[in-house]
Number of protein chains: 2
Amino acid sequence: MSESHITETLDYIENHQEDFIARLRKAVAIPSVSGDPTRRQDVFRMAEFLVEELKALGASVETRDPGVQDFHGTELKLPPIVLATVGNDPAKKTILVYGHYDVQPALIEDGWATDPFELVEDEKNRLVGRGSSDDKGPVLGWINVVETHKKLGHELPVNLKFCLEGMEESGSEGLDAIIYSEADKYFKDVDAVCISDNYWLGTTKPCLTYGLRGVSYYHVAISGPARDLHSGVFGGTVHEPMTDLFAVMSKLVAPNGRILVPGIYEQVRPITTAEEETYDNLAFELQELHDAVGNQINIHDDVRRTLQHRWRHPSLSIHGVEGAFYSPGDKTVVPARVVGKFSIRTVPDMEPKKVTELVLKYVKEEFEKLGSKNTLNVHCTHDGNHWLASPDHPSYVAAAKAVERVFNVKPDLTREGGSIPVTLSFQDALKKNVLLLPMGRGDDGAHSINEKLDRSNYISGIKLMNTYLYEVSKVEL
Amino acid sequence: MSESHITETLDYIENHQEDFIARLRKAVAIPSVSGDPTRRQDVFRMAEFLVEELKALGASVETRDPGVQDFHGTELKLPPIVLATVGNDPAKKTILVYGHYDVQPALIEDGWATDPFELVEDEKNRLVGRGSSDDKGPVLGWINVVETHKKLGHELPVNLKFCLEGMEESGSEGLDAIIYSEADKYFKDVDAVCISDNYWLGTTKPCLTYGLRGVSYYHVAISGPARDLHSGVFGGTVHEPMTDLFAVMSKLVAPNGRILVPGIYEQVRPITTAEEETYDNLAFELQELHDAVGNQINIHDDVRRTLQHRWRHPSLSIHGVEGAFYSPGDKTVVPARVVGKFSIRTVPDMEPKKVTELVLKYVKEEFEKLGSKNTLNVHCTHDGNHWLASPDHPSYVAAAKAVERVFNVKPDLTREGGSIPVTLSFQDALKKNVLLLPMGRGDDGAHSINEKLDRSNYISGIKLMNTYLYEVSKVEL
């Protein structure tokens, strides 16, 4: 039965592309920009659209109200978390899928070739529109799978739960509290989590993503005079906070990217032969890095080390200085108090607490060496842990099989350099495996102008989600 | 004759304090803020006030129109340069005095105890009001000297020329062109220049100022990616401009203020015993530095070295970074192009051109050492030369005698750490000695709230200007 259902559903998806694209067009037409308070009603409208779509397909739908947001002193109602369930068979596994229905801002004046909120298919069969790839395409992908089964009169092979939020592009405000409070309620029976909110490594080959780096963010505040000084009157006679800041922060990282804080690399998990092999034949070229950054400024001359340094080695970036002169032109100010900002991307087995201990100790020691009479205050402003799943977990094995069936290729096993905090929240709150199963390509331009989702990625992505549910229904979780 | 005139004029000044304060009150009441375009008509009104006062005293007055100013895209008419002449006797020396009739912005909301544009005398006999000390008091000082002579029916001992501008607090726009174009016209017969637009070193003792540091300003631009990057995705894989900037700029100056650019100190004129002696018994305490900066962050533990490092040694200050993250909070950006800004205060015998050669060479060498694939562009955005007059020049000797007569003390011989560009302009254009003869005290708060000029400084300052004209009339210039 299951095998014939797979074939039937895949055929249905192949033959109903225009229906699915029409649904995506409707979704893109709602400018649900969570970062723009004047668009907040559109975010709510988008939630309503999804609720109606899900209800029409027979899902049981609930919403949770995350409360209000403080937007620069104004209270804004937060859009609802949409929770939906399709199927409630205790004999079946329960898969939770997460997505978000808000989008990044977009204005045609930013340089879009077409109205960002009107989905158009271009000559290369790319579906262009804000949210097409991030994350309305993937969210509708799951809904299309439900529709496919309903139209064919088949039950889903699993119980499917949805968790859809409308504030992902604005810090997922209110989401974590609801994930934790629903962990043993709405999410009680969840066996595995699947998130489709990232991208293929490149443009040609699907991937499963099993790791993310964490981030620890630091402020190095140095204060001296009670007020900004004139460099003519005081230059040469007092300790200047900017001099000290540059001295201390130049000791953090070498120009080749090596972190200079002692003890950091001792915490990094050594690479095994098995892990090393996952870097063989990845669908990625250095040219893609050059294209992405717009210059040939790669530190490492091969793909393997480049991706290892993106995914599984820590990095340290200096972001800026608060309190100093930052405008164009010249100003001869000696800033009274400056705050240097940097962050460390963390990887297994670094512990955020230990990292911060090392950083604080080192920065204080380096400042002491200066013999300055200024005052140092260094602290960690936030940290988020890294995340690493096993690509051998049955949910990943099921997803890999689904990829092979749909794409006729083994998926790349990838990690990412950035963070997707909800991944860690689901893992920590539900204690279940989380799989990142991307739909779009690395060049979709999720936060840029002319965001797109290739028609083939959308349709094959629906097929992949569909097939994954069959494969995961068969394994032991 | 001359001696009796001095005595008569000094008595007159002593006995007409209230008249002079009334004149200052009228001037302060005109809010001639050159930096505020909505106040521009008040700057013109202030020029008109001075023209009328000078004419009423028999001066021959002309104005020069410096044209228009581009204020963020709006054309603003520049206030006139007021040129006035009292006396035209070829047998007398001609002294040119410079001052400015515009003021810094001031709002009672900034924290003023009283309306900044209403001159009030407080319980400590301080005349409080915007422009009282900077620079309306000194400008009116000269006018009061003219009035004193007119009322007594005496001629001035010298021909007196005025050059009064209304844009000093906003970059003296248009002034230099007029100084140079009038050098062999209106200013043709000038024998010496006297500027009263600075301050006593401290609060107790008058001074003559004979030196100013120059300033050379540099931009260190480092660019890498074509656009800002996400530190999660790219951290560890590309050369980051901020890393390079901190590495290079940390090599500019040591925490103890020592400039690390090779070759700079070789250009600094060695201190002679005679110069060293001018630092004996200066009316200055380290406490005054602590009060000024609001903290005990002095590099040098004695007054002598502190003042030498303010006046006659170079210094290097890092002012800020353009293009990086500068707001409060956290942002994980890797800035694509950053511009570090620093300046060097220059002293005799440093040559700006040579300084820039050394700086560019050194910064380029330090950047090369990094092995970065990013691109460096370092250049000097502007330089203004240092200025040094001889305190043995007859105009200084005359001024010192005047100080002794009025204050019964030898003046401190001081220099300043900052620049007063008009000093150099007059010296270069007219090839005449320039004397800086301050009226106010070091704590007048020229650019701060509650700007004041002590009654005693105003009245004694008028006496000093008056006496200086007699003394300078007697010497060979």
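Cut-offs applied
- Residues numbered from 1 in each chain as written.
- Chains lettered and ligands numbered in written order.
- Predicted model: local features only at pLDDT ≥ 70, side-chain atom pairs only at ≥ 80, totals over all residues.
- Heavy atoms only, no water.
- Phe/Tyr/Trp six-rings, centres within 6.5 Å; stacked < 30°, edge-to-face > 60°.
- Helix = DSSP H or I, 4+ residues; strand = E, 2+ residues; numbered from the N terminus.
- Buried < 20%, exposed > 50% of the residue type's maximum accessible area, 1.4 Å probe, protein only.
- Lys NZ or Arg CZ within 6 Å of the ring centre and 35° of its normal.
- Salt bridge = Lys/Arg side-chain N within 4 Å of Asp/Glu carboxyl O.
- Pairing = 2+ DSSP bridges.
- Axes fitted to C-alpha atoms, helices over the stretch in contact; angles between N-to-C directions.
- Contact = heavy atoms within 4.5 Å.
- UniProt positions renumbered as here; feature names shortened; annotations may be inferred.
- Polar contact = N/O pair within 3.5 Å; in protein donor to acceptor, adjacent residues only side chain to side chain.
- Least-squares fit on C-alpha atoms with pLDDT ≥ 70 in both.
- Expected span 1.5 Å × (residues − 1).
- Buried area = accessible area lost by both parts, 1.4 Å probe.
- Nonpolar A, V, L, I, M, F, W, Y, C, P; charged D, E, K, R; others polar.
- Parallel < 35°, antiparallel > 145°, perpendicular 65-115°, else oblique.
- Left-handed = near helix turned anticlockwise from the far one by under 90°.

1. Considering the packing of aromatic side chains
Part 1 of the reasoning: Applying the stated criterion across every chain, the model contains 16 aromatic pairs over all chains.
Part 2 of the reasoning: Pairing Phe187 of chain A with Phe426 of chain A gives two aromatic rings, centres 6.1 Å apart and planes at 75 degrees, and the pair type is edge-to-face. With Phe187 of chain A in the loop between helix 5 (175–182) and strand 9 (192–195) and Phe426 of chain A in helix 13 (residues 421–430), this residue pair connects regions lying 239 residues apart in the sequence. There is no split in this pair, since Phe187 of chain A and Phe426 of chain A are both buried.
Part 3 of the reasoning: Ring centres 5.2 Å apart and planes at 25 degrees place the aromatic pair Tyr218 of chain B and Phe342 of chain B in the stacked group. Placement of the pair is Tyr218 of chain B in strand 11 (residues 214–223) and Phe342 of chain B in strand 15 (residues 337–346), with a sequence separation of 124 residues. For the pair formed by Tyr218 of chain B and Phe342 of chain B, the shared burial category is buried.
Part 4 of the reasoning: Through a chain of ring-to-ring contacts, three or more aromatic side chains come together here, namely Tyr98, Tyr186, Phe187 and Phe426 of chain A.
Part 5 of the reasoning: Over the face of the ring belonging to Tyr186 of chain A we find Lys161 of chain A, whose NZ or CZ atom lies 4.0 Å from the ring centre.
Part 6 of the reasoning: One Lys or Arg, Arg310 of chain B, reaches over the ring of Phe234 of chain A and ends 5.6 Å from the middle of that ring.

2. What about the pattern of salt bridges?
Pairing is possible between side chains that carry opposite charge, provided their charged atoms lie close to one another.
Residue and element names in this part refer to chain B.
Part 1 of the reasoning: Counted under the stated rule, the structure contains 68 salt bridges over all chains.
Part 2 of the reasoning: For Arg455, the salt bridge goes to Glu18, with nearest N and O atoms at 2.9 Å. Here the residue Arg455 occupies a position in helix 14 (residues 455–474), and Glu18 occupies one in helix 2 (residues 17–28), the gap between them amounting to 437 residues.
Part 3 of the reasoning: A relative accessible area of 16% means that Arg455 is categorised as buried.
Part 4 of the reasoning: Arg312 is paired through a salt bridge with Glu275; the nearest N and O atoms lie 2.7 Å apart. With Arg312 in the loop between helix 10 (303–311) and strand 13 (315–322) and Glu275 in helix 8 (residues 273–277), this pair connects stretches of sequence that are 37 residues apart. Each member of the pair, Arg312 as well as Glu275, carries the same accessibility label: buried.

3. Here's the deal with the sheet that holds strand 11 of chain B
Residues and elements named next belong to chain B.
Part 1 of the reasoning: The strand order across the open sheet formed by four strands is 13-15-11-16, and the pairing between neighbours is antiparallel. With partners counted over all chains shown, the strands left at the sheet margins are strand 13 and strand 16 (375–384), one partner each. Taken over all neighbouring pairs, the strand axes of this sheet differ in orientation by 20 degrees on average, direction set aside.
Part 2 of the reasoning: In terms of strand pairing, strand 11 meets strand 15 through 10 bridges, oriented antiparallel. Paired with Ser223 across the two strands is Arg337, which belongs to strand 15.
Part 3 of the reasoning: Docked against the sheet, helix 7 (residues 241–249) engages strand 11, strand 13 and strand 15, running at close to 15 degrees with respect to strand 15.

4. Quick word on the UniProt feature "active site" (unreviewed entry) in chain A
Residues and elements named next belong to chain A.
Part 1 of the reasoning: Here, the residues flagged by UniProt with the feature "active site" (unreviewed entry) are Asp102 and Glu168. These residues run over 67 residues, yet every pair of their C-alpha atoms falls within 6.7 Å of each other.
Part 2 of the reasoning: Those residues within four positions of Asp102 in sequence are excluded, and the remaining contacts are Ser32, Ser34, Val43, Asp134, Glu165, Gly166, Met167, Glu168, Glu169 and Ser170.
Part 3 of the reasoning: A polar contact is formed between the side chain of Asp102 and the backbone nitrogen of Glu168, at a distance of 3.0 Å.

5. Brief notes about the relation of the copies chain B and chain A
The two chain copies are related to each other by a rotation about an axis together with a translation along it.
Part 1 of the reasoning: Expressed as a screw operation, the relation of chain B to chain A combines 0.0 Å of axial shift with a rotation of 180 degrees, fitting to an RMSD of 0.1 Å. Taken together, the turn and the small shift mark the pair as related by a two-fold rotation axis.
Part 2 of the reasoning: The overlap is high: 100% of the interface residues of chain B also sit at the interface in chain A, so the same surface is used on both sides.

6. Looking at helix 11 (residues 352–370) of chain B
Residue and element names in this part refer to chain B.
Part 1 of the reasoning: Here helix 11 is 19 residues long and its end C-alpha atoms lie 27 Å apart, about the 27 Å a rise of 1.5 Å per residue gives.
Part 2 of the reasoning: Those residues of helix 11 that sit buried are Pro352, Val355, Thr356, Leu358, Val359, Leu360, Tyr362, Val363, Glu366, Phe367 and Leu370.
Part 3 of the reasoning: Its buried side turned inward, helix 11 meets strand 11, helix 7, strand 15 and strand 16.
Part 4 of the reasoning: Looking one or two residues beyond helix 11, the residue adopting positive phi is Gly371, at roughly 65 degrees.

7. Thoughts on the interface of chain B and chain A
Part 1 of the reasoning: Contact with chain B, which involves 76 residues of that partner, is made by 76 residues of chain A.
Part 2 of the reasoning: Carbon and sulfur atoms supply 56% of the area that chain B and chain A bury against each other, a total of about 6,000 Å² over both sides.
Part 3 of the reasoning: Counting every contact that joins chain B to chain A gives two salt bridges.
Part 4 of the reasoning: In this structure, Asp301 of chain A engages Lys373 of chain B in a salt bridge whose closest nitrogen and oxygen atoms are separated by 3.6 Å.
Part 5 of the reasoning: Of all the elements, strand 13 of chain B adds the most residues to the side of chain B that touches chain A, at eight residues.
Part 6 of the reasoning: Partitioning the side of chain B that touches chain A into residue classes produces 31 nonpolar, 32 polar and 13 charged.

8. Remarks on the packing of helix 2 (residues 17–28) of chain A against helix 3 (residues 40–56) of chain A
Residues and elements named next belong to chain A.
Part 1 of the reasoning: Taken N-terminus to C-terminus, the directions of helix 2 and helix 3 make an angle of 150 degrees; their axes are 10 Å apart at the nearest point. Here helix 2 lies roughly antiparallel to helix 3, going by the angle between them. Between helix 2, through Arg23, Lys26 and Ala27, and helix 3, the contact on the second element is made entirely by Met46, Phe49 and Glu53.
Part 2 of the reasoning: Looking at side-chain class alone, the contact of helix 2 with helix 3 contains three nonpolar, no polar and three charged residues.

9. Concerning the sheet that holds strand 7 (residues 126–128) of chain B
Residues and elements named next belong to chain B.
Part 1 of the reasoning: As summarised here, the arrangement of the three strands in space is 6-7-20, forming an open sheet in which the pairing is antiparallel. At either end of the open sheet lies a strand with only one pairing partner, and these are strand 6 (120–121) and strand 20 (452–454).
Part 2 of the reasoning: As defined by bridge partners, strand 6 adjoins strand 7 across two bridges and the pair is classed as antiparallel. Bridge assignment links Val120 to a residue of strand 7, and that residue is Val128.
Part 3 of the reasoning: Here helix 14 sits on the sheet in contact with strand 6, strand 7 and strand 20, set at roughly 65 degrees to strand 20.

10. Here we look at the UniProt feature "binding site: substrate" (unreviewed entry) in chain A
Residues and elements named next belong to chain A.
Part 1 of the reasoning: According to UniProt, the feature "binding site: substrate" (unreviewed entry) maps to Asp197, His230, Thr332, Arg345, Ser419 and His447 in the numbering used here. On the basis of their most widely separated C-alpha atoms, the annotated residues across 251 residues do not gather in one place, lying as much as 50.4 Å apart.
Part 2 of the reasoning: For Asp197, the location among the structural elements is in the loop between strand 9 and strand 10 (207–212).
Part 3 of the reasoning: What makes Asp197 buried here is its relative accessible area of 9%.
Part 4 of the reasoning: Ignoring anything within four residues of it in the chain, the contact list for Asp197 reads Tyr98, His100, Asp134, Asp135, Glu168 and Ile420.
Part 5 of the reasoning: Here the side chain of Asp197 touches His100 through a polar contact of 3.2 Å, side chain to side chain.
Part 6 of the reasoning: Residue position: His447 is located in the loop between strand 19 (434–436) and strand 20 (452–454).
Part 7 of the reasoning: Among all residues touching His447, those that are not within four sequence positions of it are Gln104, Arg130, Asp134 and Glu169.
Part 8 of the reasoning: Only 3.4 Å separates the side chain of His447 from the side chain of Gln104, close enough to count as a polar contact.

11. As for the packing of helix 1 (residues 2–15) of chain A against helix 4 (residues 132–152) of chain A
Residues and elements named next belong to chain A.
Part 1 of the reasoning: At a minimum axis separation of 10 Å, helix 1 and helix 4 run at an interaxial angle of 110 degrees. With respect to their mutual orientation, helix 1 and helix 4 come out roughly perpendicular. The hand of the helix 1/helix 4 crossing is right-handed. Along the contact surface, helix 1 presents Glu8, Thr9, Tyr12 and Ile13, while helix 4 presents Thr148, His149, Lys151 and Leu152.
Part 2 of the reasoning: Class assignment for the residues of the contact of helix 1 with helix 4 results in three nonpolar, three polar and two charged.

12. Here's the deal with the side chain of Gln17 of chain A
Residue and element names in this part refer to chain A.
Part 1 of the reasoning: Along the chain, Gln17 turns up in helix 2.
Part 2 of the reasoning: At a separation of 3.3 Å, a polar atom in the side chain of Gln17 contacts the side chain of Glu14.
Part 3 of the reasoning: Other than its neighbours up to four places away in sequence, Gln17 contacts Arg455 and Ile459.

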